[in-house]
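Observations on chain architecture
The lines below spell out each chain.
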Amino acid sequence: MSRGILLVGCGKMGGALLAGWLHQGIAASDIIIVEPNPVPDLPAGIRQAKAAEAIPADFSPALVMLAVKPQVMDAVAPAYAAYAGRGACILSIAAGKTIATLNRLLGGKAAIVRAMPNTPAAVGAGITVCCSNADVTSDQRAFCGNLLAAVGEVAWVEDEELIDAVTAVSGSGPAYVFWLAECLAAAGEKAGLDAALADRLARATVSGSGLLMRQSPDNPTQLRKNVTSPNGTTQAALDVLMAADGLAPLMERAVAAAAKRSRELAG
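Residues numbered from 1 in each chain as written. Predicted model: local features only at pLDDT ≥ 70, side-chain atom pairs only at ≥ 80, totals over all residues. Heavy atoms only, no water.

Some words on the overall build of the chain
A tally of regular secondary structure across the chain gives 11 helices and eight strands. For the chain, the residues scored as buried account for 39% of the 267 residues in total. Split by element, the accessible area of the chain, about 14,700 Å² in all, is 58% carbon and sulfur. For the chain, the centre of its 21 positive side-chain charges and the centre of its 23 negative side-chain charges are spaced 2 Å apart. (Helix = DSSP H or I, 4+ residues; strand = E, 2+ residues; numbered from the N terminus. Buried < 20%, exposed > 50% of the residue type's maximum accessible area, 1.4 Å probe, protein only. Areas by Shrake-Rupley, 256 points an atom, 1.4 Å probe, with all protein chains shown as cover. Lys, Arg positive; Asp, Glu negative; His and termini not counted. Charge placed at Lys NZ, Arg CZ, Asp CG, Glu CD.)

Digging into helix α11 (residues 247-266)
Relative to the 28 Å expected for 20 residues at 1.5 Å per residue, α11 spans 29 Å between its end C-alpha atoms, a close match to the ideal helical length. Buried within α11 are the following residues: A258, A259 and S262. Seen from one end, α11 has its buried residues packed into an arc of 100°, which puts them on one side. The secondary structure elements touched by the buried residues of α11 are α6 (162-171) and α7 (173-190). (Expected span 1.5 Å × (residues − 1). Arc of directions from axis to C-beta. Contact = heavy atoms within 4.5 Å.)

Structural notes on the sheet that holds strand β2 (residues 31-34)
In spatial order, the strands read β3-β2-β1-β4-β5-β6-β7-β8; together these eight strands make up an open sheet with mixed pairing. Pairing within the sheet leaves two strands with one partner each, and these edge strands are β3 (47-49) and β8 (152-156). The average undirected angle you get between the axes of adjacent strands in this sheet is 25°. Sheet topology note: the β2/β3 ladder contains three bridges and is parallel. Note on β3: the bridge partner recorded for I33 is Q48. Sheet contacts for helix α5 (residues 138-148): β1 (5-8), β4 (63-66), β5 (89-92), β6 (111-116), β7 (126-132) and β8; angle to β8, the most-contacted strand, approximately 150°. (Pairing = 2+ DSSP bridges. Axes fitted to C-alpha atoms, helices over the stretch in contact; angles between N-to-C directions.)

Topic: the state of the cysteines
Put plainly, a disulfide is one covalent bond tying together the sulfur atoms of two cysteines. In the structure shown here, the tally under the stated rule is zero disulfides. Free cysteine: C10, not disulfide-bonded; nearest cysteine sulfur from C144 at 18 Å. Taking the relative accessible area as the measure of exposure, C10 reaches 13% and is therefore buried. (Disulfide = S-S within 2.5 Å.)

So, a nonpolar patch on the surface
A surface patch of nonpolar side chains, amounting to about 450 Å² of accessible area, comprises L241, M242, L247, L250 and M251. A per-element tally of the nonpolar patch places α11 first, with three residues. By secondary structure assignment, the location of L250 is in helix α11. (Patch = residues over 30% accessible without salt bridge, like charges linked within 9 Å, V, L, I, M, F, W, Y side chains within 5 Å. Salt bridge = Lys/Arg side-chain N within 4 Å of Asp/Glu carboxyl O.)

Remarks on the packing of aromatic side chains
Enumeration over the complete set of coordinates arrives at one aromatic pair. Centroid distance Y80 to Y83: 6.3 Å. Interplanar angle 25°. Geometry classified as stacked. When its relative accessible area of 3% is taken as the criterion, Y80 is described as buried. Taking the ring centre of W156 as reference, the NZ or CZ of R141 above it sits at 4.1 Å. (Phe/Tyr/Trp six-rings, centres within 6.5 Å; stacked < 30°, edge-to-face > 60°. Lys NZ or Arg CZ within 6 Å of the ring centre and 35° of its normal.)

So, the side chain of T167
Checked against the element boundaries, T167 lands in helix α6. What T167 contacts, discounting residues up to four positions off in sequence, is M116, S172 and S262.

So, the pattern of salt bridges
Tallied over the full model, the rule gives eight salt bridges. The closest approach of N and O atoms between D135 and K109, which form a salt bridge, is 3.8 Å. Of this pair, D135 sits in the loop between β7 and α5 while K109 sits in the loop between α4 (99-105) and β6; the two residues are 26 residues apart in sequence, bridging distant segments of the chain. The class of K109 is exposed, set by a relative accessible area of 64%. Note that R214 is salt-bridged to E153, the shortest N-O span being 3.3 Å. Placement of R214 in helix α8 (residues 195-215) and of E153 in strand β8 is noted, with a sequence separation of 61 residues between them. We classify R214 as partly exposed; its relative accessible area is 46%. The class for E153 is partly exposed, based on a relative accessible area of 42%.

Written as structure tokens, this is what we have:
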């Protein structure tokens, strides 16, 4: 099986994946990116085409990754239908674009994997959830999984409708964590800390806690309990955050709103 990769779109997520593939040991000569604009600091040996028509005729990729914004997918995808027709797997990371929509854009008989990564992929600490249609072979599924594992963890779901919930939890989730850091810093400043120190404390606390949670065998509930002394300062704060109108119902509403919007975008 050919291992050539056509990367359509080299923005932040496409660039993170490209860096991960090269670090993983994939040969630069096996990758062509399609990007109309100059790509800064393009790694040596990577070929760039400005449009689908400029791809060398003898390049026969095993995989075409569509890493373009959902708003332009309808215009971009049909140009790669010929590759799908020749057996290439199509891997899309565009939010809200369903497998059925992609299949229609690609001629109706494409092997498609729909994936939802998240932005920590930029530092190799992302998580991507994937779903495939019946035309994807086990080899193609494994190949997609290996490519996505270059930037973090990978999970699969069989029910595509779950991608909306995945988008709401992990796809949009980094923004919730960054907002938590913003709020924590602002609260620290109101409590009397210098703004720069409050920001530093919030960043270090959120990132350090995330690293501890990733590396510890304990689940988040146990990690929370480990920090919480009876009748101590942490318990006083948790009494507020864990109240009936605290963080849990707020997060539930936020995730529900994001999932609803994801379904609306899928249309």
